[in-house]
Amino acid sequence: MSTDGKSAAPSSAPSPEAPDDWIIDQAWADYTAEDHAVWNTLYERQAELLPARACTPFLKGLDALDLHRGGIPEFARINDELKALTGWQVVAVPGLVPDEVFFHLLANRRFPAGRFIRRPDQLDYLQEPDVFHDVFGHVPMLTDPTFADYMAAYGRGGERAMALGRLKNLARLYWYTVEFGLIEEQGRLRLLGAGIVSSLSESIFALEDPSPNRLGFDLERIMRTPYRIDDFQQVYFVTPSLQALLDATLADFSGLYERLAGACDIALDVILPTDKVFRRGTQAYALRRAHDGACTD
Ligand code: HBI
Ligand code: FE
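To start, this report covers the structure provided alongside it. (Residues numbered from 1 in each chain as written. Chains lettered and ligands numbered in written order. Predicted model: local features only at pLDDT ≥ 70, side-chain atom pairs only at ≥ 80, totals over all residues. Heavy atoms only, no water.)

Turning to the site of ligand 1, a few remarks are in order. If you check the shell around ligand 1, you find V93, G95, L96, V97, D99, F102, F103, Y154 and A171 and nothing else. Taking V97, its main chain carries an N or O atom lying 2.6 Å from a nitrogen atom of ligand 1. Side-chain polar atom of D99 to an oxygen atom of ligand 1: 2.9 Å apart, as the coordinates give it. Alone, ligand 1 offers 400 Å² of accessible surface; in the complex the protein occludes 83% of this. The biggest single contributor to the shell around ligand 1 is helix α4 (residues 99-107), with three residues. Classifying every residue of the shell around ligand 1 by side-chain character gives seven nonpolar, one polar and one charged. (Near = heavy atom within 4 Å. Polar contact = N/O pair within 3.5 Å; in protein donor to acceptor, adjacent residues only side chain to side chain. Areas by Shrake-Rupley, 256 points an atom, 1.4 Å probe, with all protein chains shown as cover. Helix = DSSP H or I, 4+ residues; strand = E, 2+ residues; numbered from the N terminus. Nonpolar A, V, L, I, M, F, W, Y, C, P; charged D, E, K, R; others polar.)

Let's shift gears to the pattern of salt bridges. Enumeration according to the criterion identifies ten salt bridges in this entry. Of the charged contacts, one joins R109 and D149 as a salt bridge, the two residues approaching to 2.7 Å between their closest N and O atoms. Placement of the pair is R109 in the loop between α4 and β2 (110-114) and D149 in helix α6 (residues 145-164), with a sequence separation of 40 residues. Note on R109: relative accessible area 22%, which makes it partly exposed. In this structure D149 comes out as partly exposed when scored by relative accessible area, which is 32%. D230 is paired through a salt bridge with R228; the nearest N and O atoms lie 3.6 Å apart. (Salt bridge = Lys/Arg side-chain N within 4 Å of Asp/Glu carboxyl O. Buried < 20%, exposed > 50% of the residue type's maximum accessible area, 1.4 Å probe, protein only.)

The next thing to look at is the nonpolar core. Counting residues in each nonpolar core, the largest one holds 78 residues, and the members touching the most others are W39, F58, W88, V135, F147, M151 and M223. Contact partners of W39, with chain neighbours within four places excluded, come to G71, I72, P73, I117, V131, F132, V135 and F136. Membership of the second largest hydrophobic core comes to five residues, among which are W22, V97, V101 and L105. (Core = buried A, V, L, I, M, F, W, Y, C linked by side-chain atoms within 4.5 Å. Contact = heavy atoms within 4.5 Å.)

Time to look at the coordination of the iron ion (ligand 2). Protein-derived coordination of the iron ion (ligand 2) comes from H133 (NE2), H138 (NE2), E179 (OE) and E179 (OE), at a distance range of 2.0 to 2.8 Å. Bound by four donor atoms, the iron ion (ligand 2) shows angles of 52 to 137 degrees at the metal and therefore irregular coordination geometry. As a motif over one chain, the donors of the iron ion (ligand 2) read H-x4-H-x40-E. For H138, a relative accessible area of 5% gives the class buried. (Donors = N, O, S within 2.8 Å, 3.2 Å for Na, K, Ca; no water. Tetrahedral: all angles 85-135°; square planar, octahedral: opposite > 155°, others 65-115°.)

Across four bridges, strand β3 (residues 182-185) lies against strand β4 (residues 188-191) in antiparallel orientation. Counterpart to L182 in the pairing with β4 is L191. Counted between consecutive antiparallel strands, the loop separating β3 from β4 contains two residues, among which Q186 sits at a positive phi close to 45 degrees. (Pairing = 2+ DSSP bridges.)

The next point concerns the side chain of H133. Examined against the element boundaries, H133 turns out to sit in helix α5 (residues 131-138). With a relative accessible area of 13%, H133 lands in the buried category. Only 3.1 Å separates the side chain of H133 from the side chain of H138, close enough to count as a polar contact. Excluding residues that lie within four positions of it along the chain, H133 makes contacts with R118, H138, E179, A194, G195 and S198.

Attention now moves to the side chain of Q233. For Q233, the position within the fold is in the loop between α10 (219-223) and β6 (235-239). Among the polar contacts made by the side chain of Q233, one reaches the side chain of W175 at a distance of 3.1 Å. Here R228 takes part through its backbone oxygen, which lies 3.0 Å from a polar atom of the side chain of Q233. If we skip the residues at most four places from it in the chain, Q233 touches W175, Y176, F180, E202, F205, P212, Y227 and R228.

Attention shifts here to helix α11 (residues 242-250). All of the buried residues in α11 are L242, L245, L246, A248 and T249. Seen end-on, α11 carries its buried residues on one side only, within an arc spanning 160 degrees. Contact partners of the buried residues in α11: α2 (56-64), α6, α7 (167-179), β3, α10 and β6. (Arc of directions from axis to C-beta.)

What follows is the structure, given as structure tokens:
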């Protein structure tokens, strides 16, 4: 990660009670021509793929925030529009922030976005979320009022899940919706998750590859499903609508968490009799990767 030397980064780790201390200045004027060129390359690749694949609220959000105009956007400019639409704000952070800080920010409608951008030799993979993943991938959905409420509810839910020791389960909900979710629109599958729409290869894989299972959204089922952070997903969940997602999340999870405490995880390639199957995958990709070994490119 690259923070600029001039930002107000604290010298020691901020306390969890002071999430504002994790916020840095975007220092937009300090981005180099190469930084903007990386954004433009990534942007143009996705702009070609997404009109036929991303969900309507995402595409509308890209337009509403005028992300087409080129270069890494200045958060202050995006925030004027975003604030008017849903009350959300983008704030710059150095990289991953602690869970409690992350949830506190979301609950208060502030989305932490990495300030840095990947290098030109890292276009397709990096470990920490950068400004392209965070702003291109996540922020367009925050222009949708229903999704905006869902993300804030998730932040509040995160605080509760941590207190109850069930963060592992709640994080799976985020993973399989906000990051790697699919959504059904007029009978067709579309991309919802930021991890997908910010990735060239996964934008194609998630919809078109015969390998992964594509199953209906089911809150408890998702909370019992682990995920992979190092490769394409073996299973994607299909949300029927943003409203259904919000409704499922507004419920009190305490009974659910009690059941989950006694339940086992579901293997990634398994389809349960109760699953709604949109497409049964061959798992050919996952099997090939397991066979080749994890270290091959
Ligand atoms: N920090 N900046 C940033 N972005 C994230 O997506 C993020 C984070 N900290 C914690 C976190 N995500 C997850 O561990 C939670 O969703 C559980
Ligand atoms: Fe993300």
